2 protein chains.
Amino acid sequence: MKKLINGVDAVVTDALRGIAAAHPSLRVDVENKVVFRAQAPRPGKVGLVSGGGSGHEPLHAGFVGYGMLDAACPGEVFTSPVPDQLIEATKGADGGAGVLHIVKNYTGDVLNFEMAAELSGDEGVEVASVLVNDDVAVQDSLYTAGRRGTGATLFVEKIAGALAETGAPLAEVARVAKEVNDRSRSFGVALTPSTVPAAGKPTFELGDTEIELGIGIHGEPGRTRAPHREAREIARIAMDAINDDLPLSGETLVLVNGMGGTPLLELYIVFAEVAAYLAEKGATPVRSLVGNYVTSLDMQGFSVTTCSLTDELTRLWDAPVETPALRWGR
Amino acid sequence: MKKLINGVDAVVTDALRGIAAAHPSLRVDVENKVVFRAQAPRPGKVGLVSGGGSGHEPLHAGFVGYGMLDAACPGEVFTSPVPDQLIEATKGADGGAGVLHIVKNYTGDVLNFEMAAELSGDEGVEVASVLVNDDVAVQDSLYTAGRRGTGATLFVEKIAGALAETGAPLAEVARVAKEVNDRSRSFGVALTPSTVPAAGKPTFELGDTEIELGIGIHGEPGRTRAPHREAREIARIAMDAINDDLPLSGETLVLVNGMGGTPLLELYIVFAEVAAYLAEKGATPVRSLVGNYVTSLDMQGFSVTTCSLTDELTRLWDAPVETPALRWGR
C-alpha cells in the first residue's frame, strides 16, 4: 500500500490540519474533529450539520460554507462520526433557529446522529433530521438497513443549504431536504476496489476484466459482478437501474461522480452517454456536475445521481454557494 | 486495462461530447477539437488560447470561460494538438485585439503552436506566446528541451485571463503571463504510473514500495526512484527542490495538485506539510488550491506549484472566474 500519509492513525487529523491551512473560510476544531464555517453560527439561520466516515472527500467538509453546511463531522475512514462530535457540531451550528441533520443511511451514522439529536435536544437545540437513501442498487447491505445514501447527499446539502440561507424555518428546510432525497436516485459502478489505510489491503477483490455493478461507497457489494465493457453499455446499466426505480423525465439535475481514482476524461465520456440516455427518455440535464464529489478513497469507477427538478429546486440549486468544493454565483 | 471508454480511438471525441453536454457555457467544435466559450470572441478583448495533450483534465478545456481561456485545443492523449486545431482556435478567439498562446514547454506543443502563430499571423491575427516551464525536477526530458510546463499553467491562465478581461492590450497580457511563469515553480511525485488507453499498459514500472521523485505529467522519468515514505518527508523533498531553485518567501499562491488517482484526503495531508514547510521559510500560503487540476490520467501522486505573489498578481488571482473547473466571485 502506497499512500500519502504519515501513519494510519493520523490520517483524519492530518487531513483536518490541511483543510484548516487551505481554507481560511473554515474554522477547524481538529481535536473534536468538526469543521465549521468561520462565522458559524449565524443568528436566526437554521444550521445544517452533516457528517460521515472519512474517505469520501470532498464530502462533507468540502461542502461547509455559505449556502451549504454550517458544520461537518468526519469520522475515521469509512467509520461513522461519534455522538460527541455530532453534539459539538450541532451546538456550534445552532443560531437559535434549530439544526437540520443530514444523515446518509448507514446503520452507525443513523444511530449516532439520533443519539446526538436527542442529547442536543436536552441541551435546548431543536433538531430535525433528513435521511438520505438514494442508492437504488440494493435494498440492504453490509453497513445499511434499507437503501444507502450516496450522491444525493450533495444535492440535499446544496438545496437545503440555499433555503436555510434565506431565513426559512427548520420545518421548511427539512421539508425541502426530504423532497430532494425523494426525487433523487443513484447507481454506482466500480472498476477497482479502494484501500483503507488502516487495513492496508483492498476492500474487495475484482478480476482484471470484471466490474462491480451497484457498488457502495465503502466498497460494499453491489448487485452483481459483470465483465468489463464499453462505457456506453455500463452507463446504460446504471441509468436503467435508476429509470426502473423512478422513471426519468423533464428537467433533471445530474451528477456524474468519480469514485476518487477515475480520470476526469473518462467521467466526461460517461456523461456523454448519460446525456444521450436522458434524451431518449425525454429528460433534459438542465443542471449538471462532473467530477469527484462523493468518493471512495482511490476506487476507480463512477456513480450517477439524478434529481427530478421543480422550479423551486432549480432556483435553490442556482443560488450562490461558497464552499471549498462547490462555488458559484456570488 | 479497465477504462470507462468506448474504444481507444474515440476517447477524445467522446469526452468532448460529454463536455459539450455538461457545459452550456461552452461551444465545443467536436470535429476540429476546439473548446470555445459560447460567446467567443469578445470584440476588443485579447483572446487566450491554450492546449496540449489530453489526459490532463480539467486542463485545458475545464479552464475555458469568463476570466480564463477563450479556447482550448485537446490533442490526442499525451499528444500535442495539431496546427490546424490551433489555427481554428486562434481565429475563433480573436476579437480584434490579438491572441495570447499559452504553451506548456514540450517539444511538440512548442513547434505546433509556433506554426499556428505564424499561419494565423498570415491571416491577420496578432499572436503573442508565453512558454510555461515551471517544473524544477529536470532540465531536459523525454518530451522536452528545457524545463517542463506543469502546474503553473493554471496560474498563468487564471491571472493572464483576469487581466485580459479588463481590456488590457496583448503586450500587457503577455507580460503578466510571463511574470507568473517566472515567479512559479513545481515539483511532482508519482506513487503509481498512468495507463494511456491506446497503449493499454502502464507508462512505466514502479515497485510496490517505490516512488518516482520529479515525475512529469506524461510519466516522464524524474530525478530519481526512492523508497516510499511518510507524506511529511515526501512533501519536504518536493518543497526543498522548489526552494533550492527559487527561495520561498512572502505571500505565496500554492497548488497541491492531484495526478488524477489520488484521494483528496491524501492531498490535504500533503497540503498540511507544505503549509508547515512554508511557515519555516517565512512564506505564507495566502491563496491556495487543493485538488485535481493538472492530472496525468489515473496516476497516483501529486505535484506542488508555488507562485510568489505581488499585489497585482493577487488582485488578478482574486478576480471573478467562471469555468467548469474554477469558479468564484461573480
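Thresholds, definitions, all that
Every chain is numbered on its own, with residues counted from 1 as its sequence reads. Chain letters and ligand numbers both follow the written order, the letters beginning at A and the numbers at 1. Since the coordinates come from a predicted model, pLDDT governs what is reported: local features require at least 70, and pairs of side-chain atoms require 80 or more to be given and counted, while whole-chain, interface and lining totals use all residues. Hydrogens and water are ignored here; the side-chain numbers use all heavy atoms of the structure. At least two DSSP bridges between two strands are needed for those strands to be called paired. By definition, any uninterrupted DSSP run of H or I lasting at least four residues is a helix, any uninterrupted run of E lasting at least two residues is a strand, and each is numbered from the N terminus. Axis geometry follows a simple rule: fit a line to the C-alpha atoms, using only the stretch in contact for helices, then measure angles between N-to-C directions, giving values from 0 to 180 degrees. Contact between two residues is taken to exist if any of their heavy atoms lie within 4.5 Å; hydrogens are not considered. We place the copies in one frame by least squares, fitting the C-alpha atoms of every residue whose pLDDT is at least 70 in both. Expected helix span is given by 1.5 Å per residue-to-residue step, counting one fewer step than there are residues. Residue burial is assigned from relative accessible area. The probe radius is 1.4 Å, only protein chains are included, and a residue is buried under 20% of its type maximum, exposed over 50%, and partly exposed in between. Domain segmentation is taken from an automatic or database assignment of domains. Accessible area that two parts lose when put together, with a 1.4 Å probe and added across both, is what the buried area reports. Every case where a carboxyl oxygen of Asp or Glu lies within 4 Å of a side-chain nitrogen of Lys or Arg is listed as a salt bridge. Pairing of N or O atoms within 3.5 Å defines a polar contact, subject to two protein rules: one partner must be a possible hydrogen donor and the other a possible acceptor, and residues neighboring in sequence count only if both atoms are side-chain atoms. Gly is put with the polar residues, along with every residue not named as nonpolar or charged; the nonpolar set is Ala, Val, Leu, Ile, Met, Phe, Trp, Tyr, Cys and Pro, and the charged set is Asp, Glu, Lys and Arg. Each Phe, Tyr or Trp ring (for Trp, its six-membered ring) is paired with any other whose centre lies within 6.5 Å, and the angle between the two planes then decides the class: stacked below 30 degrees, edge-to-face above 60, tilted in between. Throughout, the term roughly parallel applies to angles under 35 degrees, roughly antiparallel to angles over 145, roughly perpendicular to angles from 65 to 115, and oblique to all others. UniProt positions are given in the numbering used here, feature names are shortened, and annotations may be inferred rather than shown by experiment. His is not counted here, nor are the chain ends, while Lys and Arg score as positive and Asp and Glu score as negative.

1. Some points on the sheet that holds strand S1 (residues 26–29) of chain B
All names here are of chain B.
Okay, so step 1: In space, the six strands of this open sheet follow the order S1-S2-S4-S3-S5-S6, with mixed pairing throughout. One side of each edge strand has no neighbouring strand; the edge strands of this open sheet are S1 and strand S6 (127–132). The average undirected angle you get between the axes of adjacent strands in this sheet is 20°.
Okay, so step 2: The pairing of strand S2 (residues 34–37) with strand S4 (residues 71–77) spans two bridges and is classified as antiparallel. The residue bridging phenylalanine 36 from the neighbouring strand is alanine 71, located in S4.
Okay, so step 3: Contacting strand S3 (47–54), strand S5 (99–104) and S6, helix H3 (residues 107–122) runs over the sheet at an angle of about 165° to S5.

2. Thoughts on the relation of the copies chain A and chain B
Okay, so step 1: If you rotate chain A by 180° and push it 0.0 Å along the axis, it lands on chain B with an RMSD of 0.0 Å. Look at the turn and shift together and you get a two-fold axis relating the two. Judged by C-alpha distance, glycine 261 of chain A is the residue of chain A that lies nearest the rotation axis, at 1.9 Å.
Okay, so step 2: When the interface residues of chain A are mapped onto chain B, 100% of them again fall at the interface, so both copies present the same face.

3. Observations concerning helix H4 (residues 152–165) of chain A
Since the α-helix turns once every 3.6 residues, residues separated by three or four places project in the same direction.
All names here are of chain A.
Okay, so step 1: Counted at 1.5 Å a residue, the expected span for H4 with its 14 residues is 20 Å, and the 20 Å between its end C-alpha atoms agrees.
Okay, so step 2: In terms of burial, H4 is largely enclosed, as 14 of its 14 residues are buried.
Okay, so step 3: Looking one or two places after H4, you find glycine 167, whose phi comes out positive at around 90°.

4. Description of the domain arrangement of chain A
All names here are of chain A.
Okay, so step 1: When the domains of chain A are assigned, the result is domain 1 (8–182) and domain 2 (184–314).
Okay, so step 2: The C-alpha-based centres of domain 1 and domain 2 are spaced at 23 Å.
Okay, so step 3: Counting residues at the interface gives 35 residues for domain 1, matched by 38 residues for domain 2.
Okay, so step 4: When the buried surface of domain 1 facing domain 2 is broken down by residue, Phe78, Val136 and Phe155 rank first, second and third, together holding 22% of it.
Okay, so step 5: Counting every contact that joins domain 1 to domain 2 gives two salt bridges.
Okay, so step 6: Residue aspartate 245 is joined to arginine 147 by a salt bridge in which the shortest nitrogen-to-oxygen separation is 2.3 Å.
Okay, so step 7: At the boundary of domain 1 and domain 2, one finds 19 residue pairs in polar contact (both at pLDDT 80 or more).
Okay, so step 8: Elements with a minimum of two residues in the side of domain 1 that touches domain 2: H4 and helix H5 (170–182).
Okay, so step 9: Looking at the side of domain 1 that touches domain 2, the element that brings in the most residues is H5, giving six residues.
Okay, so step 10: Partitioned by chemical class, the residues of the side of domain 1 that touches domain 2 number 19 nonpolar, seven polar and nine charged.

5. Side note on the interface of chain A and chain B
Okay, so step 1: On the chain B side, the residues contacting the 59 residues of chain A number 59 residues.
Okay, so step 2: A buried area of about 4,800 Å², summed over both sides, lies between chain A and chain B, and 60% of it is on carbon and sulfur atoms.
Okay, so step 3: On the chain A side of the interface with chain B, the three residues burying the most area are Lys2, Leu4 and Leu265 of chain A, jointly 20% of the side's total.
Okay, so step 4: Note that arginine 17 of chain A is salt-bridged to glutamate 273 of chain B, the shortest N-O span being 3.2 Å.
Okay, so step 5: Among the elements that take part in the side of chain A that touches chain B, helix H7 (residues 264–280) of chain A stands out by supplying 10 residues, more than any other.
Okay, so step 6: Of the residues belonging to the side of chain A that touches chain B, the class tally is 29 nonpolar, 16 polar and 14 charged.

6. Some details on the packing of aromatic side chains
Residues and elements named next belong to chain A.
Okay, so step 1: Following the criterion strictly, the structure yields four aromatic pairs over all chains and no others.
Okay, so step 2: Ring geometry for phenylalanine 155 and tryptophan 317: centres 5.6 Å apart, planes at 85°, overall edge-to-face. With a gap of 162 residues between them, phenylalanine 155 in helix H4 and tryptophan 317 in helix H8 (residues 311–318) connect regions that are remote in the sequence.
Okay, so step 3: Taking the relative accessible area as the measure of exposure, tryptophan 317 reaches 3% and is therefore buried.

7. Quick word on the environment of glycine 214 of chain B
Residues and elements named next belong to chain B.
Okay, so step 1: By the secondary structure assignment, glycine 214 is in the loop between strand S8 (210–213) and strand S9 (224–227).
Okay, so step 2: Along the sequence, glycine 214 and alanine 190 sit 24 residues apart, while their C-alpha atoms lie 7.9 Å from each other.
Okay, so step 3: Ignoring any residue separated from it by four or fewer positions in sequence, one finds glycine 214 in contact with Ala137, Arg148, Phe187, Gly188, Pro221, Gly222 and Arg223.

8. Some points on the sheet that holds strand S10 (residues 250–258) of chain A
Residue and element names in this part refer to chain A.
Okay, so step 1: Taken in spatial order, the six strands line up as S9-S8-S7-S12-S10-S11 in an open sheet, and their pairing is mixed. Each edge of the sheet is formed by a strand with only one pairing partner; in this case those strands are strand S9 (224–227) and strand S11 (283–291). Going across the sheet, the axis of each strand differs from the next one's by a mean of 20°, ignoring polarity.
Okay, so step 2: Here S10 pairs with S11 via eight bridges, running parallel. Bridged to asparagine 257 within S11 is glycine 291.

9. Description of the packing of helix H4 (residues 152–165) of chain B against helix H8 (residues 311–318) of chain B
Residue and element names in this part refer to chain B.
Okay, so step 1: H8 packs onto H4 with a crossing angle of 85° between their chain directions and a minimal axis gap of 8 Å. One way to sum up the angle between H4 and H8 is to call them roughly perpendicular. Listed contacts from H8 to Leu154, Phe155, Lys158, Ile159, Ala162 and Leu163 of H4 are Leu313, Leu316 and Trp317.
Okay, so step 2: Residue composition of the contact of H4 with H8, grouped by class: eight nonpolar, no polar and one charged.

10. Let's talk about the side chain of threonine 90 of chain B
All names here are of chain B.
Okay, so step 1: Along the chain, threonine 90 turns up in helix H2 (residues 83–93).
Okay, so step 2: At 2.8 Å, the side chain of threonine 90 forms a polar contact with the side chain of histidine 101.
Okay, so step 3: Sequence-distant contacts of threonine 90, that is, excluding residues within four places in its chain, are made with Val49, Val99, His101, Ser120, Val125 and Val127.

11. A closer look at the pattern of salt bridges
Okay, so step 1: Under the definition given, this model contains 48 salt bridges over all chains.
Okay, so step 2: Between glutamate 230 of chain A and arginine 232 of chain A there is a salt bridge, and its shortest N-O distance comes to 3.4 Å.
Okay, so step 3: When salt bridges with common partners are traced through the structure, they connect Asp14 and Arg17 of chain A together with Glu230, Arg232 and Glu273 of chain B into a single cluster.

12. A look at the UniProt feature "domain: DhaK" (unreviewed entry) in chain A
Okay, so step 1: Listed under "domain: DhaK" (unreviewed entry) in the UniProt record, and renumbered for this structure, are residues 7–328 of chain A.
Okay, so step 2: With 33% helix and 25% strand, residues 7–328 of chain A has its two end C-alpha atoms placed 36 Å apart.

13. Comments concerning the side chain of glutamate 57 of chain B
Okay, so step 1: Along the chain, glutamate 57 of chain B falls in the loop between S3 and S4.
Okay, so step 2: Buried charge without a partner: glutamate 57 of chain B forms no salt bridge, and the closest opposite charge is lysine 104 of chain B, 9.4 Å away.
Okay, so step 3: With residues up to four places along the chain from it excluded, the contact list for glutamate 57 of chain B reads Leu264 and Leu265 of chain A together with Tyr293 and Thr295 of chain B.

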